[in-house]
Amino acid sequence: MAIRPILHYPDKRLRTPGEPVTDFGPELQELVEDMAETMYAAPGVGLAAPQIGVSKRIFIIDVATDDEEPSDLRVFINPEILEKRGECLFDEGCLSFPGAREEIERAEWVRVKAKDVDGSEFELEADGLLAIAIQHENDHLDGKLMIDRLGVLRRRLLHRAMSKRQPAA
Ligand code: NI
């Protein structure tokens, strides 16, 4: 297992849409383990493969509130949001936008279908933080970022703030 470097906005690789996963072998297992280690080390509640420069349709989420014991790891491979209901506003963060928090509108409930790391399909209904995280991470798989969901002014301010800290990356 290894911690992978997380790409920061405005890195162009974050804009590359993920390809569907077709091979559910040991390499996938290893990639998902690296993603989990990277997410917990950050720490964050979600991480999508494009954020570590891997253009595949994979994201992981752990919204367990107890920081001491991360224990609710969920893996979504080739996910598809089948249904959305309601609206909510939430202050979102993203490991690719270090330090930023932005209020973003999302559906408050989603039904999603995905594959597990062993290739078995599952369906899940989610609300609360899990529903928000699913929508946020799923955007990453299409090369879409939280900045795209902001109004013009906030988008410009966030772009400027992130571009300023670029030399560190
Ligand atoms: Ni993100």
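Now for a quick tour of the structure. Just so we're clear, the structure is a prediction, and the values are computed from it rather than from any experiment.

**A few points about the overall build of the protein**
Counting its secondary structure elements, the protein contains three helices and seven strands. Counting from the amino terminus, the protein carries its helices and strands in the arrangement α-β-β-β-β-β-β-β-α-α. Taking 2.2 N^0.38 as the reference for a compact globule, 169 residues should give roughly 15 Å; the C-alpha atoms of the protein span a radius of gyration of 15 Å, in line with that estimate. Each principal axis of the C-alpha distribution contributes one length, and for the protein these read about 45 × 35 × 35 Å. Considering the protein as a whole, with its 169 residues, one finds that 43% of them fall into the buried category. A fraction of 62% describes how many contacts in the protein between residues 6 or more apart in sequence connect residues 24 or more apart. Accessible area of the protein: about 9100 Å², with a carbon and sulfur share of 47%. Charge-centre separation for the protein: the mean point of 22 positive side chains lies 11 Å from the mean point of 33 negative side chains.

**A closer look at the sheet that holds strand β2 (residues 58–61)**
Read from one edge of the open sheet, five strands run β1-β2-β3-β6-β7, paired in antiparallel fashion. Each edge of the open sheet carries a strand with a single partner, namely β1 (46–48) and β7 (121–127). Here the average twist between neighbouring strands, direction ignored, is 35°. In this sheet, β7 lies alongside strand β6 (residues 109–115) in antiparallel orientation, the contact comprising seven bridges. If you follow K115 over to β7, its bridge partner there is E121. With respect to the sheet, helix α2 (residues 128–141) is in contact with β1, β2, β3 (74–85), β6 and β7, its orientation differing from that of β2 by roughly 155°.

**Focus on the environment of D127**
One can find D127 in strand β7. If we skip the residues at most four places from it in the chain, D127 touches E108 and W109.

**Considerations on a nonpolar patch on the surface**
On the surface, a nonpolar cluster with roughly 210 Å² of combined accessible area is contributed by V45, F90 and L129. Along the polypeptide, V45 turns up in the loop between α1 (26–41) and β1. On the accessibility criterion, V45 (41% relative accessible area) is partly exposed.

**Considering the state of the cysteines**
One pass over the full model with this rule turns up zero disulfides. Here C88 is not cross-linked by a disulfide; its sulfur's nearest cysteine counterpart is in C94, at 17 Å. For C94, a relative accessible area of 9% corresponds to the buried category.

**Some details on unusual backbone geometry**
Residue P10 is reached from Y9 by a cis peptide bond, and omega for that bond is 5°. Within the fold, P10 resides in the segment before α1. Along the chain, A42 connects to P43 via a cis peptide bond; the corresponding omega equals -10°. Residues other than glycine seldom take positive phi values, yet N78 does so here, at roughly 50°. Note that N78 resides in strand β3. Assessed through its relative accessible area of 22%, N78 is described here as partly exposed.

**Topic: the nonpolar core**
The biggest cluster of nonpolar side chains holds 17 residues, and the ones touching the most others in it are L28, V32, M35, L47, I58, I60 and I77. Elements with a contribution of two residues or more to this core: α1, β2 and β3. A total of six residues in this core trace back to one element, the largest contributor, which is α1. Among all residues touching M35, those that are not within four sequence positions of it are L47, A48, A49, I52, I58, F59 and I60. Membership of the second largest hydrophobic core comes to 15 residues, among which are A48, F59, V112 and I134.

Procedures and definitions
Residues numbered from 1 in each chain as written. Predicted model: local features only at pLDDT ≥ 70, side-chain atom pairs only at ≥ 80, totals over all residues. Heavy atoms only, no water. Helix = DSSP H or I, 4+ residues; strand = E, 2+ residues; numbered from the N terminus. Rg over C-alpha atoms; globule rule 2.2 N^0.38 Å. Buried < 20%, exposed > 50% of the residue type's maximum accessible area, 1.4 Å probe, protein only. Contact = heavy atoms within 4.5 Å. Areas by Shrake-Rupley, 256 points an atom, 1.4 Å probe, with all protein chains shown as cover. Lys, Arg positive; Asp, Glu negative; His and termini not counted. Charge placed at Lys NZ, Arg CZ, Asp CG, Glu CD. Pairing = 2+ DSSP bridges. Axes fitted to C-alpha atoms, helices over the stretch in contact; angles between N-to-C directions. Patch = residues over 30% accessible without salt bridge, like charges linked within 9 Å, V, L, I, M, F, W, Y side chains within 5 Å. Salt bridge = Lys/Arg side-chain N within 4 Å of Asp/Glu carboxyl O. Disulfide = S-S within 2.5 Å. Core = buried A, V, L, I, M, F, W, Y, C linked by side-chain atoms within 4.5 Å.

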